[in-house]
Amino acid sequence: LDDNTPAVLTLSDAKVLYSWTSSNGNNSTYIRDATGALCLYNAGLDFTAGQVLNGTVNLTRSSYNNTIQGIKNDNTSSTTLTAVTGDAPVAKTVTTAEAKNSVSDLVELKNVNVYAVGTKYYIKNGDDSIQVYNGFHIDGYTVAAAENVDVKGIMVRYKNTYEIYPTEAPATTGINKIT
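Description of the structure in this document.

Time to look at the pairing of strand S3 (residues 36-41). The pairing of strand S2 (residues 27-33) with S3 spans six bridges and is classified as antiparallel. The residue bridging Tyr30 from the neighbouring strand is Cys39, located in S3. Connecting S2 to the antiparallel partner S3 that follows it, the hairpin turn spans two residues. Sheet analysis places S3 next to strand S5 (residues 67-71), joined by three bridges and oriented parallel. Residue Cys39 lies in a different strand from S5, and its bridge partner there is Gln69.

Here we take up the environment of Val16. With respect to the helices and strands, Val16 occurs in strand S1 (residues 5-21). Val16 sits in the buried class, given a relative accessible area of 0%. Residues in contact with Val16, not counting those within four places in the same chain, are Thr29, Tyr30, Ile31, Phe47, Thr48, Ala49, Gly50, Gln51, Leu53 and Pro89.

Relative to the assigned elements, Asp105 resides in the loop between helix H1 (96-99) and strand S8 (106-117). Each C-alpha atom of the pair Asp105 and Gly36 lies 7.9 Å from the other, and the pair is 69 residues apart in sequence. Beyond its immediate chain neighbours, meaning those up to four positions away, Asp105 contacts Leu17, Arg32, Ala37, Lys92, Gly153, Ile154 and Met155. For Asp105, the side chain forms a polar contact with the side chain of Arg32, separated by 2.7 Å.

Time to look at the side chain of Thr60. Here Thr60 shows up in strand S4 (residues 52-64). Once you skip the residues sitting within four places of it in the chain, Thr60 turns out to touch Asn4, Thr5, Pro6, Gln69, Gly70, Ile71, Lys72 and Asn73.

Core analysis: the largest hydrophobic core is formed by 17 residues, its most contacted members being Leu109, Ile123, Val132, Val151, Met155 and Ile164. Residue assignment for this core shows that the elements contributing at least two residues are S8, strand S10 (128-132), strand S11 (146-158) and strand S12 (161-166). Per element, the largest residue contribution to this core is four residues, and it comes from S8. Discounting chain neighbours no more than four positions away, the residues touching Ile123 are Thr96, Leu109, Val112, Asn113, Val114, Asp128, Ser129, Ile130, Val132 and Val151. Residues Leu11, Ala14, Leu40 and Leu45 belong to the second largest nonpolar core, which totals 13 residues.

Before going further, it helps to examine the pattern of salt bridges. The tally for this structure, following the rule as stated, stands at seven salt bridges. Lys110 is paired through a salt bridge with Glu108; the nearest N and O atoms lie 3.7 Å apart. For Glu108, a relative accessible area of 16% corresponds to the buried category. A salt bridge links Lys152 to Glu168, with the nearest nitrogen and oxygen atoms 3.6 Å apart. Of this pair, Lys152 sits in strand S11 while Glu168 sits in the loop between S12 and strand S13 (171-172), and the two are 16 residues apart along the sequence. According to the relative accessible area criterion, Glu168 is partly exposed, its value standing at 40%. Members of the salt-bridge network, linked through shared partners, are Arg32, Lys92 and Asp105.

Phi is positive for Asn4, close to 65°, though the residue is something other than glycine. One can find Asn4 in the segment before S1. Residues other than glycine seldom take positive phi values, yet Asn148 does so here, at roughly 55°. With respect to the helices and strands, Asn148 occurs in strand S11.

Here is what the cut-offs are and how they apply
Residues numbered from 1 in each chain as written. Predicted model: local features only at pLDDT ≥ 70, side-chain atom pairs only at ≥ 80, totals over all residues. Heavy atoms only, no water. Pairing = 2+ DSSP bridges. Helix = DSSP H or I, 4+ residues; strand = E, 2+ residues; numbered from the N terminus. Buried < 20%, exposed > 50% of the residue type's maximum accessible area, 1.4 Å probe, protein only. Contact = heavy atoms within 4.5 Å. Polar contact = N/O pair within 3.5 Å; in protein donor to acceptor, adjacent residues only side chain to side chain. Core = buried A, V, L, I, M, F, W, Y, C linked by side-chain atoms within 4.5 Å. Salt bridge = Lys/Arg side-chain N within 4 Å of Asp/Glu carboxyl O.

Structure follows, in structure tokens:
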């Protein structure tokens with residue numbers, strides 16, 4: 001489908017992975033079903049992480065910085081969807097190379113190193129790199145260089161850069177040395 005094309009999205013056991021509202025009121029809700037993951041951006045639908053969605057919803061296909069999104073249109077309504085409370089979302093464990101195929105999905109990169117390049121931070125493995133960016137503005141978390149951490153978050157593509165927006169502060173998985 002081309003951008004600005006209305007579509008009916010059919011959801012079958014789609015898990016709400018994460019939902020975030022920015023300080024200016026824009027909402028991004030990330031969902032995953034057996035066919036893949038999608039960002040619902042300002043769709044006017046009120047979902048929380050862990051819910052399971054079934055049914056259909058009218059949306060308009062859009063893209064923002066090379067990321068496909070479903071946005072609200074005149075026919076968007078939750079009346080043709082059921083949302084039930086489910087278990088907490090589970091991140092897909094991926095490598096740095098695999099993460100690029102998981103845009104809008106909740107992923108976890110295990111036991112990785114975060115490197116500073118100027119004022120930006122990256123997880124690198126060979127030619128593959130992913131920027132770590134606190135896009136959800138997690139309170140008390142500042143991205144920093146780190147070794148042997150697990151980084152869990154939503155994969156996004158901003159222009160031509162693949163980024164992970166942590167959904168929680170990364171957890172240290174081991175100690176290399178004490179100085």
